[in-house]
Structure formats: C-alpha cells, structure tokens
Amino acid sequence: MDFSLNETHSMIRETARKFADERIAPGTIDRDEKEEFPREIVRELGELGFMGMMVPEEWGGSGLDTTAYVFALEEISRVDASVGVIMSVNNSLVCYGINKDGTQAQKEKYLRDLASGKKLGAFALSEPEAGSDASNQRTTADRDGDSYVLNGTKNWITNGSTADIVLVMTATDKAKGAKGISTFIVEKGTPGFTVAKKERKLGIRSSDTVSLSFADCRVPAANRIGAEGDGFRFAMKTLEGGRIGIAAQALGIAQACLDASVSYAKERKAFDRPIAELQAIQFKIADMATNIDASRMLTLKAAALKDAGEPFGPDAAMAKLFASHTAVESALEAIQIHGGYGYVREYLVERYLRDAKITEIYEGTSEIQRVVIARSLLR
Ligand code: CAA
C-alpha cells in the first residue's frame, strides 16, 4: 500500500488549509452565534473549484478524485464544520448524483452551474416519518401529462433555503414501497415549493437546515433523474459516497480537537509545570491521535475503492461510523483537557462537540451504518 500523497493531493490539501485558516477561521465563532450562512465563503469555494471537485471539467467541475475531495473537506471542516457540510452536500450528493445518473440535458442545464459554485444544491430525502426508514416516503409525485405534481414535506434539509436546486425523492407509486420512489430536480421559485421552517440547532449552526413544503408543485417530467421507481436505489448509491464526505468532515473536527489539545497542553501550567507533562493528559492525546489516524485510513480506503470503481458502500459506512465516533470522543476529551476554558463560548472546543454530534446522525445514523456493515457480511 502506498501512503504517500501525490502532487495533486498535496496541492489540494495545502490550498484548502490556507483558505480555511485565512478566509474561514476569522468569524467562525461569530457566524455560529448568529446562525449566519457563510455566503461569501461558499462563493469563494466555488471559485477555488471546491464545490464540484469530482465533476469532470467539461461539466464545470475540477475533475479530481475522491481522495483529493477527502483532503479538502477535512481541512475545511477542521476550521468550520458548517462550511464542511455545505460543501459536502453540494459535492457528494447533488453534483455526484446528477453527474452519475442525470441526462445530458440535465447536466447541461444544472450540473455546470452547481459544479462551478454559481449555484448551490440540496438533497431532500428525509421526511417527518422517513429518517432512518428512508423508503417510507409520504411525499408524492403524480404524473400529469408532461409533468409531475409534488405534494408533501421534507425535513432537516441541509442548504434547503439557500439552494437554487433541490434533488427531491418522492413516492410515485406507494404500493411498490422502495421500488416506487423517484427523484426530481426542483428549481427554487417553482410555484408550490416553499421553505416551511428553519431549524435551530445544537451545532453546525451557520449551515442552513430547513423543512421544505411542496403543495401542488408542478415539475417537468424531464427533471426526473433515472427511471420512474429508481429513486431509492439512486438515493442509497449517492449516500454511499456522501458518507465518505461526512467521514472526512468528522475527521476534520477530530483533528481540530487534537491540534487545540496539543497546543493548550503545552501552554497551560498546573502544579508548576505544563499539563503536557502529566500522564493523564498524555494518554488522552495519544488515544485521540491513534483514533484519528485510524479514521483517516478508513476514509482514504473507502475513497480509493470508490475511485477504483470497486464496491465501497460498507467501507464508507465503516469510515463514517468510526470517524464520527472519534470526532465526538475527541471533542469530549478536548473539553476535559481545556477544563473551564473548554466549556465557554469564547473558545473553539465547545463548538467542536456541538458540531461533532451531527456526524453520528446525518447521512445515516451510526446505527444505520452498522446495519449496512452487518448486512454486507451476513447476506
Ligand atoms: N445501492 C443500491 N441499491 C440499494 C442500496 C445501495 N446502497 N441499498 C439498498 N438498495 C436497494 C436494495 O437492493 C433493495 O432492492 P432489491 O429489493 O431489488 O434488492 C431496495 O434498495 C430496498 O433496500 P432495503 O430492503 O435494504 O431497504 P430498507 O428499507 O431495509 O433500508 C437502509 C435500508 C440501509 C436502512 C436505508 O433505508 C438507509 O440507508 N437509511 C438511512 C437513510 C439516510 O442515510 N438518510 C440520510 C438523509 S440525507 C442527509 O442527511 C443529507 C444532509 O442533509 C446532510
């Protein structure tokens, strides 16, 4: 196995690190407090080519591999996980999904702008009663001539109110269950499509999470991705790649916890010496570093399999399961190392815990990742 980074990967990592430290870091605490969407930063990420990293250049993307995407997303999320999830949903769910299964016309009309960052996308699968049980779709799309009429509600949609384009999964034939679900590209401003509610969240507070409502919302049949009834498979395949993105996001948060802990432990004195000299602190840092390295290996393995065209779903699930747990544990330990400073909002570490928790929930909870892993072994 080759653990060295190629020239492109090193360059992407350096670019992402510099942008994160110089452009994203100032204002993270403020944006989190005010729940302020980082519009300008997202625009600049588009200019850098980070909003459609894996999309071929002919469609406005950067034509990079998943490994490059993992490095970039880790660096961005190390500084601000809210920016990380905005980037992740646009890249690994929306752009990836249209690039993989969209028609030429759909790519022409939507992918170029999404991949170049001129437009932003969202992915609307979850519903009030369809979270983990994703095939239990209540939102319907009824065929009417050359269009479909959508009715229903989608919940917890990242980028939901800021997105120009939303991929919406709906039931086109409820009797067929998972085989009766279809995916549609819905444009912002389509009559009957409204933002119903903005969520007030524990973490990733400067990202945009809303409910969406569809009331007799008419969408052209030409906007259906794939065949009628193919929507659940489409969502599951797309989420396999999405889970690599969330693993990279979790990895970034965990790395931030380690960096903060190492530098604080060297500076902070107790009992007349830096706390870094205390074995209680050293063990926490050693465990954090080991779990972070293991998370990175799992994430890069899933990315390498995806890039090689091999099956990677269970590996992506393992990477997300392990990296998200590592992010939460690292954040708890970072707070413990920082003591009182770790618990107050002027410092970064309390946010790491609030941001880390969602990585165990979205794009499939840790329980769902275990289902995916176990099914792959026991079928
Ligand atoms: N690839 C291709 N096909 C797949 C698939 C995959 N990865 N997973 C399932 N399918 C197919 C199955 O093969 C099956 O078809 P057949 O009957 O022909 O074999 C069909 O889909 C139904 O599959 P299951 O019977 O396995 O379906 P299930 O109801 O038991 O659900 C599940 C399986 C793994 C629990 C799935 O529902 C799941 O992953 N749930 C979690 C949903 C999720 O991750 N939501 C995240 C929301 S998006 C988000 O969070 C984005 C954001 O904003 C950040």
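Everything below is about the structure shown above.
Bear in mind that the values here come from a model prediction, so they are computed numbers and not experimental data. (Residues numbered from 1 in each chain as written. Predicted model: local features only at pLDDT ≥ 70, side-chain atom pairs only at ≥ 80, totals over all residues. Heavy atoms only, no water.)

Caption draft 1: Quick look at the overall build of the protein chain. On a plain count of helices and strands, the protein chain comes out with 11 helices and 10 strands. Relative to the compact-globule value of 21 Å for 379 residues, the protein chain shows a C-alpha radius of gyration of 21 Å, a close match. Seen through its principal axes, the protein chain has C-alpha atoms that stretch 80 × 45 × 40 Å. Residue burial in the protein chain is summarised as follows: out of 379 residues, 55% are buried. Summing over all exposed atoms, the protein chain offers an accessible surface of approximately 16,400 Å²; the carbon and sulfur share of this is 53%. Positive and negative charge centroids in the protein chain, built from 48 and 54 side chains respectively, lie 3 Å apart. (Helix = DSSP H or I, 4+ residues; strand = E, 2+ residues; numbered from the N terminus. Rg over C-alpha atoms; globule rule 2.2 N^0.38 Å. Buried < 20%, exposed > 50% of the residue type's maximum accessible area, 1.4 Å probe, protein only. Areas by Shrake-Rupley, 256 points an atom, 1.4 Å probe, with all protein chains shown as cover. Lys, Arg positive; Asp, Glu negative; His and termini not counted. Charge placed at Lys NZ, Arg CZ, Asp CG, Glu CD.)

Caption draft 2: Layout of the packing of helix 7 (residues 231–267) against helix 8 (residues 279–307). With their axes 9 Å apart at the nearest point, helix 7 and helix 8 run at an angle of 155 degrees to one another. With respect to helix 8, the element helix 7 is oriented roughly antiparallel. Helix 8 is crossed by helix 7, and the crossing has left-handed handedness. Where helix 7 abuts helix 8, its residues Gly241, Ile244, Ala247, Ala248, Leu251, Ala254, Gln255, Cys257, Leu258, Ser261, Val262 and Ala265 lie against Ile281, Ile285, Met288, Ala289, Ile292, Ser295, Arg296, Thr299, Ala302, Ala303 and Lys306. (Axes fitted to C-alpha atoms, helices over the stretch in contact; angles between N-to-C directions. Parallel < 35°, antiparallel > 145°, perpendicular 65-115°, else oblique. Left-handed = near helix turned anticlockwise from the far one by under 90°. Contact = heavy atoms within 4.5 Å.)

Caption draft 3: Geometry of helix 5 (residues 81–101). When the terminal C-alpha atoms of helix 5 are compared, their 28 Å separation across 21 residues agrees well with the 30 Å that a helix rising 1.5 Å per residue should span. Counting buried residues along helix 5, 19 of its 21 residues qualify, which places the element largely inside the surrounding structure. The opening residue of helix 5, the one whose side-chain oxygen lies 2.9 Å from the backbone nitrogen of Ser82, is Asp80. (Expected span 1.5 Å × (residues − 1). Polar contact = N/O pair within 3.5 Å; in protein donor to acceptor, adjacent residues only side chain to side chain.)

Caption draft 4: Looking closely at the nonpolar core. With 56 residues, the main nonpolar core has Ile98, Phe123, Leu167, Met169 and Tyr352 as its most contacted residues. Of all elements in the fold, only helix 5, helix 6 (104–115), strand 4 (165–171), strand 5 (181–187), helix 7, helix 8, helix 9 (313–338) and helix 10 (349–358) reach the threshold of two or more residues within this core. Per element, the largest residue contribution to this core is 15 residues, and it comes from helix 7. What Tyr352 contacts, discounting residues up to four positions off in sequence, is Arg78, Ile253, Ala256, Cys257, Ala260 and Ala331. Core analysis: the second largest hydrophobic core is formed by 33 residues, Phe37, Ile41, Phe71 and Val83 among them. (Core = buried A, V, L, I, M, F, W, Y, C linked by side-chain atoms within 4.5 Å.)

Caption draft 5: Representation of the environment of Leu378 within the structure. Tracing the backbone through its elements, the reader meets Leu378 in helix 11 (residues 366–378). As for Leu378 and Ala81, which are separated by 297 residues in sequence, their C-alpha atoms are 35 Å apart.

Caption draft 6: Molecular detail of the site of the ligand. The ligand sits among 22 residues. The nearest are Thr158, Lys179, Glu240, Arg243 and Arg375. Residue Ser135 places a side-chain N or O atom 3.5 Å away from an oxygen atom belonging to the ligand. For the ligand, an oxygen atom lies 2.6 Å from a polar atom in the side chain of Arg375. Across the complex, the protein chains shield 70% of the 1,100 Å² of accessible surface that the ligand would expose by itself. If one sorts the elements of the shell around the ligand by residue count, helix 7 sits on top with 7 residues. Here the residues of the shell around the ligand sort into 9 nonpolar, 6 polar and 7 charged. Composition of the shell around the ligand by domain shows at least three residues from each of domain 2 (122–229) and domain 3 (233–378). (Near = heavy atom within 4 Å. Nonpolar A, V, L, I, M, F, W, Y, C, P; charged D, E, K, R; others polar. Domains from an automatic or database assignment.)

Caption draft 7: Layout of a nonpolar patch on the surface. Residues Tyr341, Tyr343, Val344 and Tyr347 make up a contiguous nonpolar surface patch of roughly 430 Å² in combined accessible area. On the secondary structure map, Tyr343 appears in the loop between helix 9 and helix 10. (Patch = residues over 30% accessible without salt bridge, like charges linked within 9 Å, V, L, I, M, F, W, Y side chains within 5 Å. Salt bridge = Lys/Arg side-chain N within 4 Å of Asp/Glu carboxyl O.)

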